[in-house]
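Below are the chains, spelled out letter by letter.
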Amino acid sequence: MSLPLRKNYPPMEALPATELPSGPEWQYEPKWDGFRCLAFRDGKHVDLMSKSQKPLTRYFPELVAALAALQAQRFALDGEIVIPSDGGLSFDHLLMRIHPATSRVAKLSQLTPSVFIVFDLLVDDKGESAVTLPLRDRRRRLEEFFRKYLKSNRSIRLSPVTGDFAVARKWFRMGTALDGVIAKHRDLPYQSGERTGMQKIKRQRTADCVVGGFRYLEKQPLVGSLLLGLYNDEGFLDHVGFTSSIHSSERPALTKRLKQLIKPPGFTGKAPGGPSRWSTKRSTDWQPLEPKLVVEVQFDHFTGGRFRHGTKFLRWRPETSPKDCTMRQVRRENRSALDLL
């Protein structure tokens, strides 16, 4: 590529924070729940690169086509690939795109088309690098780029920005589609590969879950992880994830306690999956429990009927009835941040 930035240019990263920073030097943007992506266009050639500098080009042919169709011939944009679904964003649909079969990817690109939400300009439409400019100037050039080339484009959208702390707090409390809020320092150039100048504040959520089963440690007869369940709308207990953040000193007593509650079936709805080529003995063998224990856990994402990542154990909730542990806890309020675009 003849662009001033190489294709594996590391994107600017964010420092995790617990509170929104305030002051006139900060601007705020929604944190979208998708795949971070740098998009490069040089003539007829388009490349999509992930945060870890892995190619995404073949997985999103509809975005490649949209970028290749622009009148601007040379540019580089920083943004997030998302897939809208049911008023929110579907991370599961994104994961389905990472498929080896080109025919499968092509079919999904038509059934669940993606959107590229752009929030920074790295190379302008003249093919000149903008990364040394402060963010306030890059944002101004980005908005000019959108007015000139993308005003009515539905596949490539401009992420909103605000300097109003109250608006940023409102975004933080929004329901579907948002993963939190990003705060960026307006006076700094693009911090390639660095976590200075940008902070991410994610909304941490909690849920009370039934312990429907457990797994042993691989090499010791002690509890390794608790299998979590929530009651669905039909009243059946679905397996929704696990937590393994158990202090080592507590494992012997907890193991003894859980052994006394072993009783099939554990989960009356969706149960932990069976063996696969990626499974180990530890990951497939589990012990069912009577639905008597309730635990509060912290999580960040709940998609496709389960916690996307492992959860953090917070506390036991003996005062909570297992029947109160329902899916309603993990359903976000019905307000889509996609309306911001």
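Basis of the calculations
Residues numbered from 1 in each chain as written. Predicted model: local features only at pLDDT ≥ 70, side-chain atom pairs only at ≥ 80, totals over all residues. Heavy atoms only, no water. Pairing = 2+ DSSP bridges. Helix = DSSP H or I, 4+ residues; strand = E, 2+ residues; numbered from the N terminus. Core = buried A, V, L, I, M, F, W, Y, C linked by side-chain atoms within 4.5 Å. Buried < 20%, exposed > 50% of the residue type's maximum accessible area, 1.4 Å probe, protein only. Contact = heavy atoms within 4.5 Å. Phe/Tyr/Trp six-rings, centres within 6.5 Å; stacked < 30°, edge-to-face > 60°. Lys NZ or Arg CZ within 6 Å of the ring centre and 35° of its normal. Salt bridge = Lys/Arg side-chain N within 4 Å of Asp/Glu carboxyl O. Expected span 1.5 Å × (residues − 1). Arc of directions from axis to C-beta. Axes fitted to C-alpha atoms, helices over the stretch in contact; angles between N-to-C directions.

Description of the sheet that holds strand 1 (residues 15-16)
And then number 1: Strand order across the open sheet formed by 4 strands is 1-11-10-2, with mixed pairing between neighbours. A strand with exactly one partner marks an edge of an open sheet, and here the two such strands are strand 1 and strand 2 (26-32).
And then number 2: Where strand 10 (residues 178-185) lies against strand 11 (residues 198-202), 5 bridges are found, and the strand directions are antiparallel. Its bridge partner lying in strand 11, G180 is registered against K202.

Brief notes about the nonpolar core
And then number 1: Within the largest apolar cluster, 30 residues are counted, with the highest numbers of intra-cluster contacts made by L226, L230, L258, F302, F307 and V330.
And then number 2: For this core, the elements supplying multiple residues, two or more each, are strand 12 (205-216), strand 13 (223-231), strand 14 (237-243), helix 6 (251-259) and strand 16 (294-299).
And then number 3: In contact with F307, not counting residues within four places along its chain, are C209, L228, V240, G241, V297, F299, H301, F302 and V330.
And then number 4: In terms of nonpolar packing, the next biggest core, distinct from the first, is built from 29 residues, V46, A72, L94 and F116 among them.

Concerning the packing of aromatic side chains
And then number 1: Under the defined criterion, the tally for this structure stands at 12 aromatic pairs.
And then number 2: Relative to W316, the ring of F313 has its centre 5.6 Å away and its plane inclined at 65°; by these criteria the two rings are edge-to-face.
And then number 3: An aromatic cluster is present here, built from F75, F145, F146 and Y149 joined pairwise through their rings.
And then number 4: A cation sits over an aromatic face here: R257 above W316, 5.0 Å from the ring centre.
And then number 5: Taking the ring centre of F91 as reference, the NZ or CZ of R308 above it sits at 3.6 Å.

Notes on unusual backbone geometry
And then number 1: In this structure, P265 follows P264 across a cis peptide bond, with omega equal to 5°.
And then number 2: With respect to the helices, strands and loops of the structure, P265 is situated in the loop between helix 6 and helix 7 (281-284).
And then number 3: Phi is positive for Q53, close to 60°, though the residue is something other than glycine.
And then number 4: Mapped onto the elements, Q53 comes out in the loop between strand 4 (45-50) and helix 1 (61-68).
And then number 5: Q53 sits in the partly exposed class, given a relative accessible area of 30%.

Things to note about the pattern of salt bridges
And then number 1: This model, assessed by the stated rule, comprises 19 salt bridges.
And then number 2: The partner of D47 in a salt bridge is K7, and the shortest N-O contact between them spans 3.9 Å. Here the residue D47 occupies a position in strand 4, and K7 occupies one in the segment before strand 1, the gap between them amounting to 40 residues.
And then number 3: Taking the relative accessible area as the measure of exposure, D47 reaches 7% and is therefore buried.
And then number 4: With relative accessibility at 37%, the residue K7 sits in the partly exposed group.
And then number 5: A salt bridge links D42 to R74; the nearest nitrogen and oxygen atoms lie 3.3 Å apart. One end of the pair, D42, is in strand 3 (residues 35-42); the other, R74, is in strand 5 (residues 74-82), with 32 residues separating them in the sequence.
And then number 6: Look at R74 and you get partly exposed, because its relative accessible area is 25%.
And then number 7: Several salt bridges converge on common partners, so that one network encompasses D208, E296, R315, R317 and E319.

Points about helix 4 (residues 135-149)
And then number 1: Under the 1.5 Å per step criterion, the end-to-end length of helix 4 is 21 Å for 15 residues, consistent within 8% with the ideal 21 Å.
And then number 2: Taken together, the buried positions of helix 4 are L135, R138, R139, L142, F145, F146 and Y149. The arc enclosing the buried residues of helix 4, seen along the axis, measures out at 115°, which places them on a common side. Residues of helix 4 that are exposed and angled more than 90 degrees away from the buried face: R147 and K148.
And then number 3: Here the buried face of helix 4 lies against strand 2, strand 5, strand 8 (115-123), strand 9 (156-158) and strand 10.

Remarks on the environment of K54
And then number 1: Its location among the elements puts K54 in the loop between strand 4 and helix 1.
And then number 2: Exposure remark for K54: the relative accessible area of 52% places this residue in the exposed category.
And then number 3: In sequence terms K54 and F40 are 14 residues apart; their C-alpha atoms lie 13 Å from each other.

Structural notes on the sheet that holds strand 8
And then number 1: Here 5 strands make up an open sheet; going across it, the order is 4-3-5-8-9 and the pairing mixed. The sheet is open, and its two edges are formed by strand 4 and strand 9, each paired on a single side. Recorded for the sheet is a direction-independent mean angle of 35° between the axes of neighbouring strands.
And then number 2: As defined by bridge partners, strand 3 adjoins strand 5 across 8 bridges and the pair is classed as antiparallel. Pairing of L38 across the sheet is with D78, part of strand 5.
And then number 3: Along the sheet, helix 1 contacts strand 3, strand 4, strand 5, strand 8 and strand 9; its crossing angle with strand 4, the most-contacted strand, is approximately 130°.
And then number 4: Lying on the sheet, helix 4 is in contact with strand 5, strand 8 and strand 9; it crosses strand 8 at an angle near 125°.

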